[in-house]
Amino acid sequence: MKLRMNYSENVFECSSNDAYSHLKTLKTPGSNFWIHTESTVLNFWIELDKSLWVEIVSSKNNFWALSKIDYTIAEEMLRMVDKNQGFGEFKPTTNKNWDGYSL
């Protein structure tokens, strides 16, 4: 069995629109994209079924969540982080709970 890992780290300042544009380029299962601010980390990745997932860790309100999301939710999440807003019980733009979360 061979294991191939491709990893590169590019650190730069960007707007939520720039981050969203980059996020939409992820197509391959296993590819991921991290956003890191002073209080929040968002880790987006593509699953084997090509669905988009996110893990959130935020010190803003001691919040953690893991969930399958769509790109509308992802776009709003990036805007929220850009505005230094916290996350709550529901996925942004919806009235649905995260798949897993803790306050």
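Everything below is about the structure printed above this text.
Numbers given for residues are sequential positions, taken from 1 along each chain in its written order. Only residues with pLDDT of at least 70 are given local features in this predicted model, and only at 80 or more are side-chain atom pairs given and counted; all residues enter the totals for whole chains, interfaces and linings. Neither water nor hydrogens contribute to the side-chain values; these are computed over all heavy atoms in the structure.

A.B. asks: I keep staring at the overall build of the chain and nothing clicks. Help me out?
C.D. replies: Strands here mean DSSP runs of E at least two residues long; helices mean DSSP runs of H or I at least four residues long; both are numbered from the N terminus. Helix and strand counts for the chain stand at two helices and five strands. For the chain, the N- to C-terminal ordering of α and β elements is α-β-β-β-β-α-β. Looking at the chain residue by residue over its 103 residues, the buried ones come to 35%. When contacts within the chain are restricted to residue pairs at least 6 apart in sequence, those whose partners lie at least 24 apart make up 34%. Carbon and sulfur atoms make up 50% of the accessible area of the chain, which totals about 7200 Å². To sort residues, take the accessible area from a 1.4 Å probe on protein chains only and compare it with the maximum for the residue type: under 20% means buried, over 50% means exposed, and anything in between is partly exposed. For this analysis, residues touch if any pair of their heavy atoms sits within 4.5 Å. For the accessible areas, the method is Shrake-Rupley and the probe is 1.4 Å, while residue cover comes only from the protein chains on display.

A.B. asks: For this particular structure, what's the right way to read the nonpolar core?
C.D. replies: One recurring pattern in soluble globular proteins is that nonpolar side chains are buried together. What we call a nonpolar core is a set of buried Ala, Val, Leu, Ile, Met, Phe, Trp, Tyr and Cys residues that are connected through their side-chain atoms within 4.5 Å. Counting 23 residues, the largest nonpolar core has Leu42 and Phe44 as its most contacted members. At the level of elements, α1 (16–23), β1 (32–36), β2 (40–46), β3 (52–58), β4 (63–69) and α2 (71–82) are the ones that each hand at least two residues to this core. The element contributing the most residues to this core is α2, with six residues. The residues touching Leu42, leaving out its near neighbours within four places in the chain, are Phe33, Trp34, Ile35, Val54, Glu55, Ile56, Met77, Leu78, Val81 and Phe87.

A.B. asks: Help me out: how do you make sense of unusual backbone geometry in this one?
C.D. replies: With the exception of glycine, the majority of residues adopt a negative phi angle, and the majority of peptide bonds are in the trans configuration. Despite not being glycine, Lys50 has its phi angle at roughly 70°, a positive value. Residue position: Lys50 is located in the loop between β2 and β3.

A.B. asks: Quick question: what am I supposed to make of α1 here?
C.D. replies: Because the α-helix completes a turn every 3.6 residues, residues three or four places apart line up on one side. Within α1, burial applies to Ser16, Ala19, Tyr20 and Leu23. Down the axis of α1, the buried set is contained in an arc of 100°. They therefore lie on one face. This arc describes the spread of directions from the helix axis toward the C-beta atoms.

A.B. asks: Quick question: what am I supposed to make of the sheet that holds β1 here?
C.D. replies: Strand order in the open sheet formed by five strands is β1-β2-β3-β4-β5, and the pairing between neighbours is antiparallel. Since the sheet does not close on itself, it has two edges, and those belong to β1 and β5 (100–102), each with one partner. Strand-to-strand twist across the sheet, computed as the mean angle between neighbouring axes with direction ignored, equals 10°. A pair of strands is labelled paired if DSSP reports no fewer than 2 bridges between them. Relative to β5, β4 is paired through three bridges, and the arrangement is antiparallel. Counterpart to Trp64 in the pairing with β5 is Ser102. Sheet contacts for α1: β1, β2 and β3; angle to β1, the most-contacted strand, approximately 165°. The strands that α2 touches are β1, β2, β3 and β4; relative to β2, the one it contacts most, it runs at about 160°. Each axis is a line fitted through C-alpha atoms, and for a helix only the stretch in contact is used; angles between axes span 0 to 180 degrees, taken between their N-to-C directions.

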